[in-house]
Amino acid sequence: MLFRSAAGGDPWEFDATVLYYSETDRVTATEPLINVRKNFGDDRILNLRFVIDSLSGATPNGASAADQVQTFTTPSGAGSYTVSPGETPLDPTFQDTRTALTAQWEQPFGRLTKGSFSANVSTEYDFKSLGASAAIARDFNNRNTTFSAGLAAEFDVIEPVGGVPVPLASMASPGAVQPRLGVDDDKTVIDVLLGVSQIISRQALMQLNYSYSDSSGYHMDPYKLVSVLDPILGNPVDYVYENRPDSRSKQSLFWKMKYHLARDVIDVSYRFLWDDWGINSHTLDLHYRWQLRQKWYLEPHVRFYTQSAADFYVPNLFSASPLPAFASADYRLADFDAWTVGLSYGQTLSNKHQYNLRLEYYQQRGDDFFPELDAIIAQFGYKF
């Protein structure tokens, strides 16, 4: 549906999407998204995006599986839950709802230069975030080459249920005084992006980006634990809250190539990321847009991701050894591989509206301590 404005330019455009994500026996998420776009003429473009994430289910709390029943205190400190022998400890109380709004304005500055400015706000029951960014792009070489640079800043406030845990302190029993530092903490993130896009030929377009991110403040997951085991029997004798460094710097290189065949399009990209936590990751992503007819297409998708573990990642600790300065059993910081395979279908209708369907399967695998993860992703989008 197109709504014309007295201000001139193009009609308002609306793009609505609903995404469904479901992990086997774990988290389920539903994410409706609405994007509104308006070209006011002369490439002065306003984009508004509104997202709602609703998550529920069970998520790993970081503790190790054991050959005995394990009992854990809920994040609030008022209740508890138990885990059967041999099972990965999952916190069944996990639930969250996130709302986010982003506004972006694109503005040309002369014939060859374009600027982009955005602001965003995101809120959850235990997390709030404010951010802003600015980017500029300039064309060279008869508009065959484009250089771009961007800067973004984000400020987060974390308000965990039950308060901020004392790092590496022991989990207290339900109803007891919990080891807490306060009710909230914060984090600041600064991102820098430099990029170049190059038209190689009438069929090929290439992009290369370098990004740097520096964050300082609270980096812990306040709901993650680390098991402390008896070094002889191997049974858990304690559970402590994780501790991570209070700063992190990340760098990445991103390469992308699009090649237009007679009717189809090949889209391949590669990203290499490294940080001062010891994590190195590689991401290879491949899309093939198969234009079967003028108004509809199929798009197979394959993605492979692999990363090394953070320097302070440990599946567990031992009671006979002193506690390290930093420790986390969060599987997202572990050494693991992940695959995504899927297929999208899209069609343009007679009224020029467009819709698309996407179905994908996601899998994560790591070592013997890594909790395996399988998930299904389904998405429906409609543009009008």
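Remember, it's a predicted structure, so these values are computed and weren't measured experimentally.

1. Re empty space enclosed by the protein
Then, in step 1: Summed over the entire model, instances satisfying the criterion amount to two cavities of 30 Å³ or more.
Then, in step 2: Taken as a whole, the largest cavity spans an internal volume of roughly 120 Å³.
Then, in step 3: Lining the largest cavity are 15 residues, and of these T73, T74, P75, Y223 and Y241 lie nearest its centre.
Then, in step 4: Of the residues assigned to the lining of the largest cavity, the class counts are nine nonpolar, four polar and two charged.
Then, in step 5: Approximately 40 Å³ is the volume attributed to the second largest cavity.
Then, in step 6: Surrounding the second largest cavity, P165, V166, P167, Y218, M220, D221, P222, Y241 and E242 form its lining.
Then, in step 7: Taken together, the residues of the lining of the second largest cavity sort by class into seven nonpolar, no polar and two charged.

2. Concerning the sheet that holds strand 14 (residues 225–229)
Then, in step 1: Ordered by their spatial adjacency, three strands build an open sheet running 15-14-20, and the pairing between neighbours is mixed. Each edge of the sheet is formed by a strand with only one pairing partner; in this case those strands are strand 15 (236–241) and strand 20 (317–318).
Then, in step 2: Bridging between strand 14 and strand 20 involves two bridges; their strand directions are parallel. Paired with V228 across the two strands is L317, which belongs to strand 20.

3. A few points about the nonpolar core
One broad trend across soluble globular proteins is that nonpolar side chains are buried collectively.
Then, in step 1: In terms of nonpolar packing, the biggest core is built from 19 residues, with Y21, A310, L333, Y362 and L373 touching the most fellow members.
Then, in step 2: At the level of elements, strand 1 (13–23), strand 21 (336–348) and strand 23 (373–383) are the ones that each hand at least two residues to this core.
Then, in step 3: The element best represented in this core is strand 23, accounting for three residues.
Then, in step 4: Ignoring any residue separated from it by four or fewer positions in sequence, one finds L373 in contact with Y21, E23, R26, Y331, Y362, Q363, Q364 and R365.

4. Let's talk about the confidence of the model for the protein chain
A low pLDDT means the predicted coordinates there should not be read in detail.
Then, in step 1: Averaged over all residues, the pLDDT of the protein chain is 95; the fraction at 70 or higher stands at 98%.
Then, in step 2: Counting contacts from residues 1–7, a segment whose pLDDT is below 50, to residues more than four positions away or on other chains yields 16 contacts.

5. What about the layout of surface pockets?
Then, in step 1: Computed from the structure, the largest pocket encloses a volume of approximately 2000 Å³.
Then, in step 2: Lining the largest pocket are 50 residues; nearest its centre among them are E124, D221, R244, D330 and R332.
Then, in step 3: Counting residues per element, the lining of the largest pocket draws most heavily on strand 6 (residues 90–108), which supplies six residues.
Then, in step 4: Of the residues contributing to the lining of the largest pocket, the split by class is 25 nonpolar, nine polar and 16 charged.
Then, in step 5: A135, S148, G150, L193 and N209 are, among the 31 residues lining the second largest pocket, the residues nearest its centre.
Then, in step 6: Elements with a minimum of two residues in the lining of the second largest pocket: strand 6, strand 7 (113–124), strand 8 (127–140), strand 9 (145–158), strand 12 (185–199), strand 13 (204–217) and strand 16 (247–260).

6. Focus on the packing of aromatic side chains
Then, in step 1: Inspection of every chain in the model, using the stated rule, returns 17 aromatic pairs.
Then, in step 2: Their ring planes at 70° and their centres at 5.5 Å tell us that F140 and F147 sit as a pair that is edge-to-face.
Then, in step 3: When the ring of F272 is compared with that of W274, the centres are 5.2 Å apart and the planes differ by 25°; the resulting orientation is stacked.
Then, in step 4: A relative accessible area of 23% places F272 in the partly exposed class.
Then, in step 5: With a relative accessible area of 24%, W274 lands in the partly exposed category.
Then, in step 6: One aromatic cluster in this structure is built from W296, Y345, Y355 and F380.
Then, in step 7: The residue whose ring lies beneath K38 is F40, and the NZ or CZ to ring-centre distance is 5.4 Å.
Then, in step 8: Above the plane of the ring of W277 lies R248, whose end atom (NZ or CZ) is 4.4 Å from the centre.

7. As for a nonpolar patch on the surface
Then, in step 1: Taken together, the side chains of L286, V302, W339, V341, L359, Y361 and I376 define a hydrophobic patch exposed on the protein surface, amounting to about 590 Å² of accessible area.
Then, in step 2: Counting residues per element, the ones that place at least two in the nonpolar patch are strand 21 and strand 22 (354–365).
Then, in step 3: For V341, the position within the fold is in strand 21.
Then, in step 4: Assessed through its relative accessible area of 38%, V341 is described here as partly exposed.

8. A short note on the side chain of E124
Then, in step 1: Counting through the fold element by element, E124 comes out in strand 7.
Then, in step 2: The buried charged residue E124 lacks any salt bridge, with R98 as its nearest oppositely charged partner at 4.7 Å.
Then, in step 3: With near-sequence residues (within four places) excluded, E124 lies in contact with D96, T97 and R98.

Scoring rules and cut-offs
- Residues numbered from 1 in each chain as written.
- Predicted model: local features only at pLDDT ≥ 70, side-chain atom pairs only at ≥ 80, totals over all residues.
- Heavy atoms only, no water.
- 1 Å grid on protein atoms, 1.4 Å probe; cavity = no way out; pocket = protein on both sides within 12 Å on 5 of 7 lines; lining within 4 Å.
- Points joined across faces, edges and corners; volume = space filled by probe spheres on them.
- Nonpolar A, V, L, I, M, F, W, Y, C, P; charged D, E, K, R; others polar.
- Pairing = 2+ DSSP bridges.
- Helix = DSSP H or I, 4+ residues; strand = E, 2+ residues; numbered from the N terminus.
- Core = buried A, V, L, I, M, F, W, Y, C linked by side-chain atoms within 4.5 Å.
- Buried < 20%, exposed > 50% of the residue type's maximum accessible area, 1.4 Å probe, protein only.
- Contact = heavy atoms within 4.5 Å.
- pLDDT = per-residue confidence, 0-100.
- Phe/Tyr/Trp six-rings, centres within 6.5 Å; stacked < 30°, edge-to-face > 60°.
- Lys NZ or Arg CZ within 6 Å of the ring centre and 35° of its normal.
- Patch = residues over 30% accessible without salt bridge, like charges linked within 9 Å, V, L, I, M, F, W, Y side chains within 5 Å.
- Areas by Shrake-Rupley, 256 points an atom, 1.4 Å probe, with all protein chains shown as cover.
- Salt bridge = Lys/Arg side-chain N within 4 Å of Asp/Glu carboxyl O.
- Lys, Arg positive; Asp, Glu negative; His and termini not counted.

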